[in-house]
Amino acid sequence: FNINSSNNYVISNAVRTPGNDIANPGFESGGNIAGGEEGWFGPPQATIVDDSANARNGNNSLQVTANATTASIFAGTFYEVKPGDSMYFSGYVKNSAGANGEAGIQMTWFDKDRNPISVSNSFTGLPGTAYTPKVLNEVAPAGAAFVRVAATVRSSATTGTFYFYDFYMPKS
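Residues numbered from 1 in each chain as written. Predicted model: local features only at pLDDT ≥ 70, side-chain atom pairs only at ≥ 80, totals over all residues. Heavy atoms only, no water.

### Some details on the overall build of the protein
Okay, so step 1: Of regular secondary structure, the protein possesses zero helices and 13 strands.
Okay, so step 2: Starting at the N terminus, the α and β elements of the protein follow one another as β-β-β-β-β-β-β-β-β-β-β-β-β.
Okay, so step 3: Looking at the protein as a whole, 44% of its 172 residues are labelled buried.
Okay, so step 4: Taking the intrachain contacts of the protein between residues at least 6 apart in sequence as the baseline, contacts between residues at least 24 apart amount to 72%. (Helix = DSSP H or I, 4+ residues; strand = E, 2+ residues; numbered from the N terminus. Buried < 20%, exposed > 50% of the residue type's maximum accessible area, 1.4 Å probe, protein only. Contact = heavy atoms within 4.5 Å.)

This is the structure we're talking about:
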C-alpha cells in the first residue's frame with residue numbers, strides 16, 4: 001500500500017477482479033468486517049464466513065444477522081463522481097428460512113466534504129432463500145462528489161440471516 005493520510009488516499013496492490021472496482025467482491029479473501037479488513041466495513045452482526053453451502057460461487061460469503069437495526073456494510077472506498085455521472089452497482093442477496101424484513105444494496109451520495117446528501121437503494125422485500133440479483137443504475141445527483149456502495153439489511157428484519165455475494169461496479 002501507498003498511503004496519503006492527509007488526503008485519505010490509499011493505492012492498493014491487492015488482488016482485483018478485472019473490470020470491477022469493488023475489492024473482494026465475493027469475499028473470498030476473507031477478512032474482519034468490524035476491523036475493515038479486506039475492503040469492507042460494518043457492524044459486528046456482519047461477518048465474512050467460510051461456508052460454501054451459502055456462497056453463490058466459491059467458499060465465502062458476507063453473512064449478516066438480523067437484529068431490528070439497519071446494518072450497512074460498506075465497500076471501504078469512497079469513489080469520486082461528478083453530478084450527472086452514470087453509476088452501476090449490483091450484487092446478490094438471499095436469506096435463511098424463517099427470516100423476515102428487507103435486504104439489498106445501496107449507494108450513498110456525498111458532497112465534497114463527505115457529508116451524505118442522498119441514498120439510492122434496491123430493496124424489494126424479503127429476498128428469498130435462493131440468491132436474487134439486486135441492481136442499481138443511477139445518476140449522481142447535484143452536489144455529489146463521492147459515492148459509497150453497501151450491502152444493507154434493513155431494520156424491518158428482526159430474525160434470520162442474510163447472505164451477500166458477487167458485488168460488481170465496473171470501472172467507467
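### Structural notes on the sheet that holds strand β13 (residues 161-168)
Okay, so step 1: Reading across the sheet, the five strands line up as β4-β5-β13-β8-β11 and stay open at both edges, with antiparallel pairing between neighbours. This sheet does not close on itself; its edge strands, each paired only once, are β4 (46-50) and β11 (132-139). Direction aside, neighbouring strands of the sheet carry axes that sit 35° apart on average.
Okay, so step 2: Pairing of strand β8 (residues 86-95) with β13, which is carried by five bridges, proceeds in the antiparallel orientation. Directly across from V93, in β13, lies its bridge partner F164. (Pairing = 2+ DSSP bridges. Axes fitted to C-alpha atoms, helices over the stretch in contact; angles between N-to-C directions.)

### Thoughts on the nonpolar core
Okay, so step 1: Judged by nonpolar contacts, the single largest core of 34 residues is most densely connected at I22, L62, F89, F164 and F167.
Okay, so step 2: Those elements that provide at least two residues to this core are β4, β5 (60-65), β6 (71-75), β8, β9 (103-110), β12 (146-153) and β13.
Okay, so step 3: Aside from chain neighbours lying at most four places away, what touches F164 is F27, S61, L62, V64, Y92, V93, A103, G104, Y131, A151, T152 and V153. (Core = buried A, V, L, I, M, F, W, Y, C linked by side-chain atoms within 4.5 Å.)

### What to know about the side chain of T161
Okay, so step 1: Looking at the element boundaries, T161 is found in strand β13.
Okay, so step 2: Judged by relative accessible area, which is 15%, T161 ranks as buried.

### What to know about the pattern of salt bridges
Okay, so step 1: Under the criterion given, the structure shown has two salt bridges.
Okay, so step 2: With a closest N to O distance of 2.5 Å, R56 and D166 form a salt bridge. Linking R56 in the loop between β4 and β5 with D166 in strand β13, this pair joins segments that are 110 residues apart in sequence.
Okay, so step 3: Note that D113 and K112 form a salt bridge whose closest N and O atoms lie 3.2 Å from each other. A single burial state applies to D113 and to K112, both of which are exposed. (Salt bridge = Lys/Arg side-chain N within 4 Å of Asp/Glu carboxyl O.)

### Brief notes about unusual backbone geometry
Okay, so step 1: The phi dihedral of F27 falls on the positive side, at around 65°, and the residue is not glycine.
Okay, so step 2: The topology assignment puts F27 in the loop between β2 (9-11) and β3 (40-41).
Okay, so step 3: One non-glycine residue with positive phi stands out, namely D166, at about 50°.
Okay, so step 4: Of the residues examined, D166 reaches a relative accessible area of 21% and is grouped as partly exposed.

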